[in-house]
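The residues making up each chain are set out below.
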Amino acid sequence: DPFRAIATLEWRHYFFRDADLQLPLSRMRGLQGVLFAEYGVVGADLPQDAQWWKQHATGRMSVGYGLRVYADWFGLLPGMIGIDLAWTPGSPPGRLPLPAATRYWPEVPVQIYLMAGHSF
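1. Remarks on the overall build of the protein
For the protein, the helix and strand inventory stands at one helix and eight strands. Reading the helices (α) and strands (β) of the protein from amino to carboxyl end gives β-β-β-α-β-β-β-β-β. Counting across all 120 residues of the protein, residues that qualify as buried make up 26%. Of all intrachain contacts in the protein linking residues separated by at least 6 positions in sequence, the fraction that spans at least 24 positions is 55%. Of the accessible surface of the protein, which amounts to about 8,700 Å², a share of 63% is contributed by carbon and sulfur atoms.

2. A few points about the confidence of the model for the protein
Here the protein averages 78 in pLDDT, while 79% of its residues score no lower than 70. Helix α1 (residues 50-56) is the least confidently modelled element of the protein, averaging 61 in pLDDT, while strand β1 (residues 3-16) averages 85, the highest of any element.

3. Section: the side chain of T88
Within the element layout of this structure, T88 appears in the loop between β5 (77-87) and β6 (94-95). Overall, T88 belongs to the buried group, its relative accessible area being 8%. Side chain to side chain, T88 and S62 meet in a polar contact 2.4 Å long. If we skip the residues at most four places from it in the chain, T88 touches R60, M61, S62 and Q111.

4. Details of the pattern of salt bridges
Counted under the stated rule, the structure contains two salt bridges. Salt-bridge contacts for R12 lead to E10; the nearest nitrogen and oxygen are separated by 2.7 Å. By relative accessible area, R12 is classed as partly exposed at 47%. Taking the relative accessible area as the measure of exposure, E10 reaches 35% and is therefore partly exposed. The salt bridge involving R68 is made with D84; its shortest N-O contact spans 2.6 Å.

What counts, and at which threshold
Residues numbered from 1 in each chain as written. Predicted model: local features only at pLDDT ≥ 70, side-chain atom pairs only at ≥ 80, totals over all residues. Heavy atoms only, no water. Helix = DSSP H or I, 4+ residues; strand = E, 2+ residues; numbered from the N terminus. Buried < 20%, exposed > 50% of the residue type's maximum accessible area, 1.4 Å probe, protein only. Contact = heavy atoms within 4.5 Å. Areas by Shrake-Rupley, 256 points an atom, 1.4 Å probe, with all protein chains shown as cover. pLDDT = per-residue confidence, 0-100. Polar contact = N/O pair within 3.5 Å; in protein donor to acceptor, adjacent residues only side chain to side chain. Salt bridge = Lys/Arg side-chain N within 4 Å of Asp/Glu carboxyl O.

Put into structure tokens, the structure is as follows:
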């Protein structure tokens, strides 16, 4: 595996804390926004010295905003779904997911990340 290091700075805030909104198959418990800045480095091997960083490591920075919906799925499982919009200087544009074939998705100046998982 390549060497990876990531640093993230986030400011999280709630739109709705301790919400109790009944939705189909779930119950919404909260809506949170997150403003973030990230920096990551990926390299082929573990770093040995400063010269390694100059030859092998590539770093990227992203800034963006995201939304997180916290819910109880089927009344039992605490979960989270979210969307992040991130801008990374020097990276290719993202694609806006539409209900059409992927070749028709328009390019947008940000990357779009969709996520779902547990929240314990």
